[in-house]
Amino acid sequence: MSQIRKVAVLGGGSFGTVIANMVAENGSDVRLWLRDPVLADEINQQHENTRYLPGYSLSRSLLASTSLKDVLSDVDLVFISIPSQSFRQVIQQARPFLKVDQMLVSTTKGIEAHTFRLMSEILREEMPSARIGVLSGPNLAKEVAAKQLTATVIASECAELRSEVQARLHSSYFRVYASSDTYGVELGGTLKNIYAIAAGLSAALGMGENTKSMLMTRSLAEMSRFAVSMGANPMTFIGLAGVGDLIVTCMSPLSRNYRVGYALGEGKSLEEAVEALGQVAEGVNTIKQVKEKASEMQIYMPLVSGLYEVVFNKAPIAEVVKMLMMSEQSTDVEFVLPREGL
Ligand SMILES: NC(=O)C1=CN([C@@H]2O[C@H](COP(=O)(O)OP(=O)(O)OC[C@H]3O[C@@H](n4cnc5c(N)ncnc54)[C@H](OP(=O)(O)O)[C@@H]3O)[C@@H](O)[C@H]2O)C=CC1
Ligand SMILES: O=C(CO)COP(=O)(O)O
């Protein structure tokens, strides 16, 4: 049994709360940091997070606090579940209370605007001697909270960190698989949010099952193509953090990214769709970041380009779909028949 005495989770949204609750139910001492004192009191007294996980009771041993100093004092393992746009700022706030070789695990599936940094890269820049990991996979927070059978991936170059995360989170309903491909696992969780928006859009437009299957499969091809160009291992994309997360997010209305796409398909504006959600949908920002990076690196990403036109330039969906369907015939699996081999 490991020697870890204390775990901290930064971010009291849907996923941070679920992670903290699983650690608490496994018997570890866990503190959850959030910035809303009313919600912190509610978690401590009513054992519920009514803002993000209404109706799910939380472990009585889960302690919430708005004090970073208290939450991080003497901890060994820290999970960070803060949306990408505030991630660096929160790490900078937390840094004075962290050990130099702290174990830090990001659960955030996004890209920092303007820098194209993934969260593990931000952690490396801000905490160069820390031991860093990424948790990602098909993990809809509400299903985990409901104890639906679930699996995830912990990716890190540090074997001790991988084992500690497995020990803290593994239970009869939650399996934690290990990987050393931090970048690939993180990229998979991040990129699939783009395609979940496209899937929600196509569902709202009443497209058929063939269409959904084509969309998901071509999304995987596009994700892998991008990942390979960025230096990631394409094999990671056949695992839980790649195709696994793509499937769940493209199929479930519990996904916030899917819901944004669905609202757009119903004719709502992007602003209306995001406001109605009231939670983070990382894919909206990710479309922009990936579109720019793909143009810069000349990576062929027709779905990202088409979705960008629909979401940000209000291009008529029917015209974008026609353009995608009528574009040059392509190859199925590029690693079998390269694009040039057409
Ligand atoms: N929900 C899910 O099913 C899953 C989510 N993820 C990923 O986890 C990350 C977090 O998502 P999730 O928990 O769902 O998001 P939510 O939108 O549910 O919650 C976001 C949380 O971050 C807090 N927050 C935002 N900015 C700051 C800040 N500057 N300082 C302090 N706290 C801040 C919010 O606080 P406040 O309420 O005060 O605004 C809130 O507690 C995302 O990248 C997401 O992709 C990963 C797997 C599954
Ligand atoms: O990443 C998720 C499931 O694995 C959650 O997706 P959303 O952020 O779209 O809700």
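Residues numbered from 1 in each chain as written. Chains lettered and ligands numbered in written order. Predicted model: local features only at pLDDT ≥ 70, side-chain atom pairs only at ≥ 80, totals over all residues.

Trainee: Honestly, the site of ligand 2 in this entry has me stumped. Any pointers?
Mentor: Inspection of the region around ligand 2 gives Lys109, Pro138, Asn139, Leu140, Asn193, Ala196, Asp245, Val248, Thr249, Ser255, Arg256 and Asn257 as its neighbouring residues. The set of elements that each furnish at least two residues to the shell around ligand 2 consists of helix 8 (182-204), helix 10 (240-251) and helix 11 (256-265). By residue number, the principal contributor to the shell around ligand 2 is helix 10, which donates 3 residues. Two domains each donate at least three residues to the shell around ligand 2, and these are domain 1 (6-180) and domain 2 (190-331). (Near = placed C-beta within 6 Å. Helix = DSSP H or I, 4+ residues; strand = E, 2+ residues; numbered from the N terminus. Domains from an automatic or database assignment.)

Trainee: Where do I start with the nonpolar core in this structure?
Mentor: The nonpolar side chains of a soluble globular protein tend to be buried with one another. In this structure, Ala8, Val9, Leu32, Val78 and Leu307 are the most contacted members of the largest nonpolar core, which totals 102 residues. Counting residues per element, this core draws most heavily on helix 8, which supplies 10 residues. Both domains that meet at this core, namely domain 1 (6-180) and domain 2 (190-331), each give it at least three residues. For Ala8, the residues in contact, after removing those within four places along its chain, are Arg31, Trp33, Val71, Leu72, Val75 and Val78. (Core = buried A, V, L, I, M, F, W, Y, C linked by C-beta atoms within 7 Å. Buried ≥ 20, exposed ≤ 12 C-beta atoms within 10 Å, placed from the backbone. Contact = placed C-beta atoms within 7 Å.)

Trainee: Explain helix 10 to me, please; I cannot follow it from the model alone.
Mentor: Since the α-helix advances by 3.6 residues per turn, residues separated by three or four positions end up pointing in the same direction. Among the 12 residues that make up helix 10, 10 are buried, leaving the element largely enclosed by the rest of the structure. Leu240, Ala241, Gly242, Val243, Gly244, Asp245, Leu246, Val248, Thr249 and Cys250 are the residues of helix 10 that are buried. The secondary structure elements touched by the buried residues of helix 10 are strand 6 (131-136), strand 7 (150-156), strand 8 (174-179), helix 8, helix 9 (209-229) and helix 11.

Trainee: How should the pairing of strand 1 (residues 6-10) be read in this particular structure?
Mentor: In summary, the side chains of a regular strand alternate between the two faces of the sheet. Of all 5 residues that make up strand 1, 4 are buried, and the element is covered over most of its length. As paired strands, strand 1 and strand 2 (residues 29-33) are joined by 5 bridges and run parallel to one another. In the strand pairing of strand 2, Lys6 is matched with Asp29. Following the backbone out of strand 1, through helix 1 (residues 14-25) and into the adjacent parallel strand 2, one traces a crossover that is right-handed. (Pairing = 2+ DSSP bridges. Right-handed = clockwise from strand over helix to strand, strands pointing away.)

Trainee: Teacher, can you tell me more about the sheet that holds strand 5 (residues 103-106) here?
Mentor: Hydrogen bonds between backbone atoms are what pair the strands of a sheet, whose relative direction is either parallel or antiparallel. Strand order in the open sheet made by the 8 strands is 3-2-1-4-5-6-7-8, with mixed pairing throughout. Looking along the sheet, the strands with just one partner apiece sit at the ends: strand 3 (63-65) and strand 8. Direction aside, the axes of adjacent strands within the sheet are offset by 25° on average. Looking at chain direction, strand 5 and strand 6 are connected through 4 bridges and run parallel. Note on strand 6: the bridge partner recorded for Val105 is Gly133. On the sheet, helix 1 packs against strand 1, strand 2, strand 4 (77-80) and strand 8 and is oriented at approximately 165° with respect to strand 2. (Axes fitted to C-alpha atoms, helices over the stretch in contact; angles between N-to-C directions.)

Trainee: Please clarify how the UniProt feature "binding site: NADPH" (unreviewed entry) in the protein chain should be interpreted in this entry.
Mentor: Residues annotated by UniProt as "binding site: NADPH" (unreviewed entry) correspond here to Ser14, Phe15, Arg35, Tyr52, Lys109, Ala141, Arg256, Val280 and Glu282. Relative to the helices and strands, Ser14 resides in helix 1. Residue classification places Ser14 among the buried positions, given that 23 C-beta atoms sit within 10 Å. In this view, Ser14 contacts Tyr52, Leu53, Ala141 and Gln279; residues no more than four positions away in its chain are not counted. Mapped onto the elements of the fold, Tyr52 is located in the loop between helix 2 (37-46) and strand 3. (UniProt positions renumbered as here; feature names shortened; annotations may be inferred.)

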